[in-house]
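Chain residues, written in single-letter form:
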Amino acid sequence: QVQLVESGGGLVQAGDSLRLSCTASGHTFSNSNMAWFRQAPGKKREFVAGILYGGRNTYYGDAVKGRFTISRDNAKNTVYLQMNVLKPEDTAVYYCAADTTTWSTRWATESEYDYWGQGTQVFVSS
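Remember, predicted model here, so these are calculated numbers, not experimental data. (Residues numbered from 1 in each chain as written. Predicted model: local features only at pLDDT ≥ 70, side-chain atom pairs only at ≥ 80, totals over all residues. Heavy atoms only, no water.)

When its secondary structure is counted, the chain shows zero helices and eleven strands. What you see in the chain, going N to C, is helices and strands ordered as β-β-β-β-β-β-β-β-β-β-β. A globule of 126 residues ought to have a C-alpha radius of gyration of about 14 Å, and the chain, at 13 Å, matches this closely. In terms of its C-alpha atoms, the chain occupies a principal-axis envelope of roughly 40 × 25 × 25 Å. Per-residue burial over the chain gives 44% buried out of 126 residues. When the accessible surface of the chain is summed, it comes to about 6,400 Å², and 46% of that surface belongs to carbon and sulfur atoms. Looking at charge distribution, the chain has the averaged site of its 12 positive side-chain charges lying 3 Å from that of its 11 negative ones. (Helix = DSSP H or I, 4+ residues; strand = E, 2+ residues; numbered from the N terminus. Rg over C-alpha atoms; globule rule 2.2 N^0.38 Å. Buried < 20%, exposed > 50% of the residue type's maximum accessible area, 1.4 Å probe, protein only. Areas by Shrake-Rupley, 256 points an atom, 1.4 Å probe, with all protein chains shown as cover. Lys, Arg positive; Asp, Glu negative; His and termini not counted. Charge placed at Lys NZ, Arg CZ, Asp CG, Glu CD.)

The next subject is the packing of aromatic side chains. Under the counting rule described, the total for this entry stands at five aromatic pairs. Where Phe 37 meets Phe 47, the ring centres are 5.7 Å apart and the plane angle is 75°; that geometry is what we call edge-to-face. Residue Phe 37 is found in strand 4 (residues 33-39), and its partner Phe 47 is found in strand 5 (residues 46-51); the two are separated by ten residues along the sequence. A relative accessible area of 13% means that Phe 47 is categorised as buried. By the ring-pair criterion, three or more aromatic residues cluster together here, those being Phe 37, Phe 47, Tyr 113 and Trp 116. One residue, Arg 45, lies across the ring of Tyr 95, its end atom 4.9 Å from the ring centre. Of note, Arg 45 hangs over the ring of Trp 116, and the distance from its end group to the ring centre comes to 4.0 Å. (Phe/Tyr/Trp six-rings, centres within 6.5 Å; stacked < 30°, edge-to-face > 60°. Lys NZ or Arg CZ within 6 Å of the ring centre and 35° of its normal.)

Set out below in structure tokens:
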């Protein structure tokens, strides 16, 4: 059974930083492309960032480029999302996702991912 468990969410002020973690179990993490999505109230879930299985290539949604950084530690089966200069519009539930079946992930396409975490809430006050 594959499990993804996110942590690190919370309440911060605009301009602050926060780091999210997603720890995986039940599959070969180092062979999986990983991504972060988020969903704000009343909005569709959107792609935030993705990282190739080896960690060398990263991809970002336009809204977070230059502020967020995705990374992974395959020895710890964990993917991270470092979020800097947070804005109120970053308020959302953040989800970790794994694509365990292909190495050519269409990053922003939710159906590419076969496992999802339960989400962690991030609230940014102005």
